[in-house]
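So you can see what is in the structure, the chains are spelled out below.
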Amino acid sequence: MTKTLVFQGDSITDASRDWNNPADIGNGYARIVSEELEELYGDVTDFTFINNAHWGWRLIDNWNAGGVDHYAEQFYNFNPDIATILIGFNDIMAAKSDGPEKYVSDEAYETAYDNLLSGLKQRDIYTVCIGPYYIVDYDNADYFQREFINKRSI
């Protein structure tokens, strides 16, 4: 049995991978998960692990901007059995770093995430969603706590 797992997200998932080497899955949780799966199930399953994450990516501008065609490029063309998604940090941070016009409302975030998950579900791709998380920034604690809690709940 062969299983393909695609790791998708922002810099947390990218984890300094070499984009010119498709076999490089970075030095973060994608590597840890792949090593653990190989150890536990490698004798019964042939795995293909693909890390297609990219630092700076956002759900709204990078995945949603191209709609379904862009999702195909990022997910479907790999024909994965399993996809992991860790996205949202940069969407939340955009209003702080790029200005208030880049603020992502909860409604826009939810719509974009629903579109993404609907396409994965229609293609029968088992999906693991990992919510964005943060380390407290005491200078901006109220903003971060509110935004991260709201986006994680979505």
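(A) Region of the structure containing the overall build of the protein. Looking only at helices and strands, one finds seven helices and four strands in the protein. Mapped from its N terminus to its C terminus, the protein presents α and β elements in the order β-α-α-β-α-α-β-α-α-β-α. The 154 residues of the protein split such that 42% are buried. The long-range fraction of contacts in the protein, counting pairs at least 24 apart against all pairs at least 6 apart in sequence, stands at 74%. For the protein, the computed accessible surface area is about 8,600 Å², with 49% contributed by carbon and sulfur atoms.

(B) Just a nonpolar patch on the surface, in detail. Side chains of L40, Y41 and V44 sit close together on the surface and give an oily, nonpolar patch of about 300 Å² of accessible area. One can find Y41 in helix α2 (residues 29-41).

(C) The arrangement of α2 in detail. Taking 1.5 Å of rise per residue, the 13 residues of α2 would be expected to cover 18 Å, and the 18 Å separating its terminal C-alpha atoms lies within 8% of that figure. Those residues of α2 not exposed but buried are Y29, A30, S34 and L37. Each buried residue of α2 sits inside an arc of 130° when the element is viewed along its axis, so together they form one side. Turned more than 90 degrees away from the buried face of α2, the exposed residues are I32 and E39. In the core, the buried residues of α2 are packed alongside β1 (2-9), α1 (11-14), β2 (46-51), β3 (82-86) and β4 (126-130).

(D) A look at the side chain of T4. With respect to the secondary-structure elements, T4 resides in strand β1. The class for T4 is buried, based on a relative accessible area of 12%. Setting aside anything within four residues of it in sequence, one finds T4 in contact with T48, I50, F78, N79, P80, D81 and I82.

(E) Examining unusual backbone geometry more closely. Phi angles above zero are rare outside glycine, and A15 is one such case at about 50°. Structurally, A15 can be placed in the loop between α1 and α2. Positive phi, close to 50°, is recorded for N79, a residue that is not glycine. Tracing the chain through its elements places N79 in the loop between α4 (67-74) and β3.

Each value, and the rule that gives it
Residues numbered from 1 in each chain as written. Predicted model: local features only at pLDDT ≥ 70, side-chain atom pairs only at ≥ 80, totals over all residues. Heavy atoms only, no water. Helix = DSSP H or I, 4+ residues; strand = E, 2+ residues; numbered from the N terminus. Buried < 20%, exposed > 50% of the residue type's maximum accessible area, 1.4 Å probe, protein only. Contact = heavy atoms within 4.5 Å. Areas by Shrake-Rupley, 256 points an atom, 1.4 Å probe, with all protein chains shown as cover. Patch = residues over 30% accessible without salt bridge, like charges linked within 9 Å, V, L, I, M, F, W, Y side chains within 5 Å. Salt bridge = Lys/Arg side-chain N within 4 Å of Asp/Glu carboxyl O. Expected span 1.5 Å × (residues − 1). Arc of directions from axis to C-beta.

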